[in-house]
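Here's the letter readout for the chains.
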Amino acid sequence: TVANAEGLRAADIGKNTSTSDPFTQVKVGKTSQKTKIIKKNLDPVWNESFVFETNNWRDEQVDVEVYDHDMMSKNDKLGMTFFRLGEIGVSADGKAKGGSYDLQGPQAQGKINMAYSVHKERPKLTGGVFPGHNGHLKTPTVSTSGGKVGGDADVDGDVDVEGKKRGGFG
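One numbering rule holds for all chains: residues counted from 1, following each sequence as written. Residues qualify for local features only when their pLDDT is at least 70, as the model is predicted, and side-chain atom pairs are given and counted only at 80 or more; totals for whole chains, interfaces and linings, by contrast, use all residues. Water and hydrogen atoms play no part in the side-chain values, which are based on all heavy atoms of the structure.

**Regarding the overall build of the protein**
The helix and strand labels rest on DSSP assignments: H or I over at least four residues marks a helix, E over at least two residues marks a strand, and numbering proceeds from the N terminus. Across its full length, the protein holds 0 helices and 14 strands. Counting helices and strands in the order they occur from the N terminus, the protein gives β-β-β-β-β-β-β-β-β-β-β-β-β-β. The cut-offs for exposure are 20% and 50% of the maximum accessible area for each residue type, with area from a 1.4 Å probe on protein chains only; residues under the lower value are buried, those over the upper are exposed, and the others partly exposed. Within the span of the protein, comprising 170 residues, buried residues form 46% of the whole. The contact rule is simple, with two residues in contact once any of their heavy atoms fall within 4.5 Å. For the protein, contacts bridging at least 24 residues in sequence account for 62% of all contacts bridging at least 6. When the accessible surface of the protein is summed, it comes to about 8700 Å², and 45% of that surface belongs to carbon and sulfur atoms. Residue exposure ignores everything except the shown protein chains as possible cover, and the areas themselves are Shrake-Rupley values with a 1.4 Å probe.

**Focus: the pairing of strand β11 (residues 111–119)**
Most of β11 is tucked away, with 8 of its 9 residues classed as buried. Sheet topology note: the strand β1 (residues 2–6)/β11 ladder contains 4 bridges and is antiparallel. The residue of β11 that forms the bridge with N4 is N113. The sheet contact formed by strand β10 (residues 97–102) and β11 spans 6 bridges and is antiparallel. Considered in β11, the bridge of S100 is made with N113. Only strands joined by at least two bridges in the DSSP assignment are considered to pair.

**Brief notes about the packing of aromatic side chains**
Here a Phe, Tyr or Trp ring, Trp counted by its six-membered ring, pairs with any other such ring whose centre lies within 6.5 Å, and the pair is stacked when the planes are under 30 degrees apart, edge-to-face when over 60, and tilted otherwise. In this structure the tally under the stated criterion is 3 aromatic pairs. Each ring, one from F83 and one from Y101, has its centre 4.9 Å from the other, and the planes form 10°; the classification is stacked. One end of the pair, F83, is in strand β9 (residues 76–84); the other, Y101, is in strand β10, and 18 residues separate them in sequence. For the pair F83 and Y101, one class covers both residues: buried. Relative to Y116, the ring of F83 lies with its centre 5.3 Å away and its plane at 45°, an arrangement referred to as tilted. Here the residue F83 occupies a position in strand β9, and Y116 occupies one in strand β11, the gap between them amounting to 33 residues. Its relative accessible area of 3% is what places F83 among the buried residues. On the accessibility criterion, Y116 (6% relative accessible area) is buried.

**Considering the side chain of N113**
By the element assignment, N113 lies in strand β11. Take N113: its relative accessible area is 4%, and that puts it in the buried class.

Right, dumping it as structure tokens:
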């Protein structure tokens, strides 16, 4: 789940405003999914979940990129981070883990907060609340069964949104 970002760089500098229209792209393997665009916001809340399928989840890299949406030109990259699920203590027990990641890259500023879980089989699909956030939030699932998995899994109360910062650039 891409929960929110904090302290993003203003990429749209105007006469009366300095802001961004951020969205996030998450890539696992060859599959990429995007959040909605939040207009004129440097602290966006997405609370959006995605499901990715993989047969080798421990070694699979998760790439997270935050962009400023532009209508008339190329989207501006606000920052990125990446990690491997096997390196951050996620296990295939379906329990959610979370983390706060500093954005990396040229002119990057701010951080992104996320939660994730891994399931060997199709998870029970129920909603949950992400601790530390007021909005309703579900956690993404990564299927290792090779079968199709859809929806979201329950987030238990053990999510650590103040997790270790990981990732990097270049």
